[in-house]
Amino acid sequence: MFFYERFCQWLGHLKLSRVIVMVSVILFVVPLFTHYYLSKYETSSISLGSSSVRHTLEALGDISTMNVVDLKLRIEEMLRIKASVSTELRELEEKRGRLQREAAAASAKADNVKAEYARATAELQRLRVSADQARLAQLEAIRRDTPELAPPAQILPSQPPSILPSIKPSAEIHCRMHSCFDYSRCSLTSGFPIYFYDPDIFSPLAGAEVDGFLKTTLRQTLGYNAHLTQNPSVACLYIVLVGESFPFEKSVLPSTEPYKLMLNETAIKTLPYWGGDGRNHVLLNLARRELSVGSGDGFTGVSIGRAMIAQSTYKLDQFRPEFDLVTPPALGPPGGDVWADCAPIAPARRKYLLSFQGSQSTTNSINRDNDTFLIDVLQKMASAGPASDLFYLQFECDPPVEKHAIIPIGDWALCGTDRSRRSVLKDSTFVLILAPGDSSYTTTALLQARLYEALRSGAIPVLLGGDRIRLPYDEVLDWRRAVLSLPKARVTELHFLLRALSDSDLLAFRRQGRVLWERYLSSVQANIDSLLATIRTRLNIPALPASPIMGTPAFNDSFSPPKLEPPAVDTEPEETLGPLEAPYPSPAYRRNYSLSLLHGYEMWNEWGEPFSLYPQLPWDPPVTSEARFMGSAAGFRPIGAGAGGSGKEFSEALGGDRPREQFTIVILTYERESVLAAALARLRGLPYLNKVVVVWNGVTPPTPALAWPDCGAPVAVVRASRNSLNNRFLPYNLIETEAVLCVDDDAHLRHDEIVFAFRVWREHRDRIVGFPGRYHAWDLNFNNGFLYNSNYSCELSMVLTGAAFVHRYFLWAYWRALPAAVRDYVDHYMNCEDIAMNFLVAHITRKPPVKVTSRWTFRCPGCPVTLSADETHFHERHKCIQFFSQVMGYTPLLSTQFRADSVLFKTRIPHDKQKCFKFI
């Protein structure tokens, strides 16, 4: 209402003249614009659609003249036309969609054909390389003309030693191996069979019996020895246990006479296989409780013919070098782990610089004067030295040695108990061992006992008068790296010599001494094994091969799991990484028989007992070194040597001193069939692959219906007897190559990475070569030992064996050289087997591992949860390092910043990590 009133007021004020003018303008302008636009629209419509309008009008006619029936018919016709056109349009749309799908399928098929062509081309190139390798191998074999020889047949005697006349007693002292040993019973292929006389049946003693502990222990020890035979007709060596022995009737009164071995010469010569002169017999006299010089006097005046003597006490005129053997006293347990009895190797310097506890028996005047002078010099040294150098010197026992105690003439008796002496030795950097005052002795059981206790406690022995002293198995053991041996005349220079040794030298001495004690002196079993190995080494007979672990097949021999063609892997490089050859095992026979001739006793391999801490391991020199030298003489290039190291030849040939070599992959899995199948599929076309050994750690066997991808190499599935991470390192008989690649089933590795790691390992055969690196660091917060660290760092001291190359020898050493306590610890926590292997390799070789490529993580994305995902995983690994260090006495891990990265394979390196890398 308000707006209406306002509008009326506005009209009331509006003048009529203005209204007329406005209406006139509107009536004139609007028609003009309307006419303009209508004319323009009609013109365009007529020019563009006149024909269609005309046809439409002709078709429809004049609507006004048409009746209703015709109009209805026309409408129906138009509807039919519309329906027909709609149907055709739908058919055309479906056809267009079908053609588009066919075009997409054809395009995908073309891409697949191109990819298959590229793979076929690469496969053809690999086959060409393989054919070239085979031709070169044939050419080398023809020109070398040295066919592979099979091991000779085992030659064994067929009857016991024949009866020969005994030699004169005066000639026994001149016995040597060439004159008193029958080599005809010990051929190279005999296997070194030994026969042990049962001491309960054959006793060469008069009115005495052998110590019961020694009899029982020796039976058990030799029962574990692979050389023992129950057939005396084929034996190479005969062992007779003659001591330690005690009279049948023991006197209740203390005896002042020294203990003597009561041998019955008649009983010795009537042993069933004595052969008249005792050749190839060893009379074993072990000292255990009576550490007296008299234990060696039992052979005085008794004719032993051509038999060897093995005991702890000898006189200079009694010992026959390289024929008789010096054995340590049987002071230790029967066998087993002995690490708990040892003191830690670190720290290098202890409370006392030098210690000694002993009381000397009566000697003649000359020896007494010499020893008195020696004692005076040592006491002045202790009192005049700096305050930082503490000495613990005790030349009279407190309490004194009992008068009825049996003390060898001129020798130094042991003071106190084993426990009290051990407490002093564990605090001593060096321990003094004085040679007997009677210069007619070359070694005594008391001296050997002092050496035994010193090495057990980690005190470095200082042997004064050592220029005439024989130590156990010194013909094969290098005691210079564990014992300081000085003549007594240098006692005035002793303090200077002890202070001149650096901490690293002290640790090296102590470490070598512990290894010698653990391997050869610590137990009765170690003692007997060392004794037999020494004689076998004299004869140049190789030890029996270590028994491989016979893997239990996961499937019956009659069952073959179905094979599945693996899917194409597009992430593999197109270049040829190497030839695809038939399985080629590493040579194992010829080197076995020549190793002892080339390196003597300084070796520690999978076929025999170790004799040195730093041995010549089986990877140096190469097995096929003769082919290299003969090839040069013949004027042709050995297989895979390349042409000056150029890129093409390098990528197509393995190269190196061992031109032909392959590796075995060992995969540890636990009931993850899909993950395992994917891991096998990724190995398709991998060069130098000899075999894949799958260790099935699960409780239930693999599903028979599981389709196994064809990886291009034989696949052997073995079932473990129990779920243990130690099964990763079992030396299965299926492993025929020296190179072993240990891989987790969820590890993702490219072919070029594996081949490059294999090449690096071939140049570092005595190390672990792998991908994920870790290191150990000292606990700065609590000062409680080393801790495990997995942070990214330029430094590393471990390479995880979830993806690493190791030598087959270390699989054997893991079960033979590593203390059983370490493996038990791994089983208890289901963790740390990789740390244990790193400890072992570093302990044996004293070298750090080698990390290859820039891969920081290699785990499978999307795989099931692994053991390492547990939140207690890293805490357990801290404890593993500390426990393993306790077992081994020190932490053998060595740190390094060296890494091997290949420029040829275009390794991708993070920019923040490039400062750490060293390229090859």
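Please read these numbers as outputs of a predicted model, since none were measured by experiment. (Residues numbered from 1 in each chain as written. Predicted model: local features only at pLDDT ≥ 70, side-chain atom pairs only at ≥ 80, totals over all residues. Heavy atoms only, no water.)

A. Fine view of the state of the cysteines. Per the stated rule, a full pass over the model turns up 4 disulfides. Here C175 pairs with C180 through a disulfide, and the sulfurs are 2.0 Å apart. Because the torsion about its S-S bond is -75°, the bridge between C175 and C180 counts as left-handed. Using a relative accessible area of 0% as the deciding quantity, one classes C175 as buried. The disulfide bridge from C397 ends at C415, spanning 1.8 Å between sulfur atoms. Of note, the bridge from C397 to C415 carries an S-S torsion of about -75° and is left-handed in sense. Of this pair, C397 sits in the loop between β11 (390–394) and β12 (412–413) while C415 sits in the loop between β12 and α8 (418–425), and the two are 18 residues apart along the sequence. Judged by relative accessible area, C397 falls into the buried class, the value being 7%. (Disulfide = S-S within 2.5 Å. Buried < 20%, exposed > 50% of the residue type's maximum accessible area, 1.4 Å probe, protein only. Helix = DSSP H or I, 4+ residues; strand = E, 2+ residues; numbered from the N terminus.)

B. Summary view of the environment of K847. Structurally, the position occupied by K847 is in the loop between α20 (833–845) and β29 (850–852). When the C-alpha positions of K847 and P892 are compared, they lie 9.2 Å apart, and in sequence the two are 45 residues distant. The contacts of K847, once residues within four sequence positions are left out, are D766, R767, A842 and L894. (Contact = heavy atoms within 4.5 Å.)

C. Quick look at helix α12 (residues 524–538). A rise of 1.5 Å per residue sets the reference length of α12, with its 15 residues, at 21 Å; its end C-alpha atoms lie 22 Å apart and thus fit the reference within 8%. Judged by how many residues are buried, α12 sits mostly within the fold: 13 of 15 residues are covered. The positive-phi residue at the C-terminal boundary of α12 is N540, with phi of around 60°. (Expected span 1.5 Å × (residues − 1).)

D. A look at the side chain of T891. Among the structural elements, T891 can be located in the loop between α21 (873–888) and β30 (899–900). Within the structure, the side chain of T891 is placed 2.7 Å from the side chain of S885, a separation counted as a polar contact. In this view, T891 contacts H776, F786, F839 and S885; residues no more than four positions away in its chain are not counted. (Polar contact = N/O pair within 3.5 Å; in protein donor to acceptor, adjacent residues only side chain to side chain.)

E. Representation of the sheet that holds strand β20 (residues 689–696). In spatial order, the strands read β17-β22-β20-β19-β23-β28-β24-β29-β30; together these 9 strands make up an open sheet with mixed pairing. The two strands at the open ends of the sheet, each matched to only one other strand, are β17 (552–553) and β30. In this sheet, strand β23 (residues 739–744) lies alongside strand β19 (residues 663–669) in parallel orientation, the contact comprising 6 bridges. Bridge assignment links L668 to a residue of β23, and that residue is D744. (Pairing = 2+ DSSP bridges.)

F. Fine view of a nonpolar patch on the surface. The grouping of V21, V25, F28, V29, L32 and F33 at the surface amounts to a nonpolar patch, some 580 Å² of accessible area in total. The topology assignment puts V29 in helix α2 (residues 16–60). In this structure V29 comes out as partly exposed when scored by relative accessible area, which is 31%. (Patch = residues over 30% accessible without salt bridge, like charges linked within 9 Å, V, L, I, M, F, W, Y side chains within 5 Å. Areas by Shrake-Rupley, 256 points an atom, 1.4 Å probe, with all protein chains shown as cover. Salt bridge = Lys/Arg side-chain N within 4 Å of Asp/Glu carboxyl O.)

G. View of the sheet that holds strand β26 (residues 786–789). One open sheet holds the 3 strands; their spatial order is β26-β25-β27, and the pairing between them is antiparallel. Looking at strand neighbours, the two that pair on one side only are β26 and β27 (798–799), the edges of this open sheet. As paired strands, strand β25 (residues 773–778) and β27 are joined by 2 bridges and run antiparallel to one another. By the bridge assignment for β27, R774 is matched with M798. α21 contacts β25, β26 and β27 of the sheet and is inclined by roughly 140° relative to β26. (Axes fitted to C-alpha atoms, helices over the stretch in contact; angles between N-to-C directions.)

H. Just the packing of aromatic side chains, in detail. Under the defined criterion, the tally for this structure stands at 31 aromatic pairs. Ring centres 6.3 Å apart and planes at 40° place the aromatic pair Y197 and Y238 in the tilted group. Placement of the pair is Y197 in the loop between β1 (194–196) and β2 (208–210) and Y238 in strand β3 (residues 237–243), with a sequence separation of 41 residues. Through successive ring pairs, a cluster of aromatic residues spans W339, Y825, Y829, F839, F883 and F884. The ring centre of F213 lies 3.8 Å from the NZ or CZ of R288, which sits over that ring. Positioned above the aromatic ring of Y788, the side-chain terminus of R877 is 4.4 Å from the ring centre. (Phe/Tyr/Trp six-rings, centres within 6.5 Å; stacked < 30°, edge-to-face > 60°. Lys NZ or Arg CZ within 6 Å of the ring centre and 35° of its normal.)

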